[in-house]
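Structural overview for review
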Amino acid sequence: MLKGFKDFLLRGNVVDLAVAVVIGTAFTAVVTAVVNSVINPLIALFLKADAAGKFGIPVTNIYGEEVVFPIGDLISALISFLAVAAVVYFVFVLPMNTFKAHVEARKGTPAEEPEEEPAAATEAELLVEIRDLLKTQQGPRGV
């Protein structure tokens, strides 16, 4: 039972996923810091922040109060997601796919390929063989 579990863990996909989750989580903190210290101030140049510090488009509601749609948070989340996804793809997925393709190419060398089996005989060829075998078993007919 433990051997099967060990094989499952070491199969490759589980290890790849675990590494991607750990590195993705760590990289998310870096991206969040970059977004908060660089991107949000750039957004603040074009959009006004409300009292809570949310950047967005101010709209007056039906009671005459100002409501801010936090577009800045949406932009920050999208930039964070794209940055993390790009790093995970280019640092983990692309090299792993290239490595797997290289391993598969080495497995498929002509020296290691099994010989092809002969094609199956057609029905007519089988009938001819049966006829010839029956003739040889009966022997020559002497009249």
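Up top is the structure these notes are about.
All figures in this text were calculated on a predicted structure; none of them were measured in a lab.

A few words on the pairing of strand β2 (residues 55–60). Sheet topology places β2 next to strand β3 (residues 66–69); four bridges connect them, and they run antiparallel. Each bridged residue has a counterpart across the sheet, and for P58 the counterpart in β3 is V68. Counted along the chain from β2 to the antiparallel partner β3, the turn is five residues long, and its residue G64 has a positive phi close to 85 degrees.

A separate point is the environment of A83. By the element assignment, A83 lies in helix α3 (residues 71–107). For A83, a relative accessible area of 27% gives the class partly exposed. Taking the C-alpha atoms as reference points, A83 and T32, separated by 51 residues in sequence, lie 9.9 Å from one another. Not counting chain neighbours up to four residues away, the residues in contact with A83 comprise F27 and V31.

This part is about the pattern of salt bridges. Side-chain pairs of opposite charge can arise whenever the charged atoms involved come near each other. Counted by the stated rule, this structure contains two salt bridges. Here E104 ties to K107 by a salt bridge, and the two come within 3.9 Å at their closest N and O atoms. Placement of both E104 and K107 in helix α3 is noted, with a separation of three residues, approximately one turn of the helix. Taking the shortest distance from any N to any O, the salt bridge between D132 and R131 comes out at 3.2 Å. Here D132 falls in the partly exposed class, since its relative accessible area comes to 34%.

About the cut-offs
- Residues numbered from 1 in each chain as written.
- Predicted model: local features only at pLDDT ≥ 70, side-chain atom pairs only at ≥ 80, totals over all residues.
- Heavy atoms only, no water.
- Pairing = 2+ DSSP bridges.
- Helix = DSSP H or I, 4+ residues; strand = E, 2+ residues; numbered from the N terminus.
- Buried < 20%, exposed > 50% of the residue type's maximum accessible area, 1.4 Å probe, protein only.
- Contact = heavy atoms within 4.5 Å.
- Salt bridge = Lys/Arg side-chain N within 4 Å of Asp/Glu carboxyl O.

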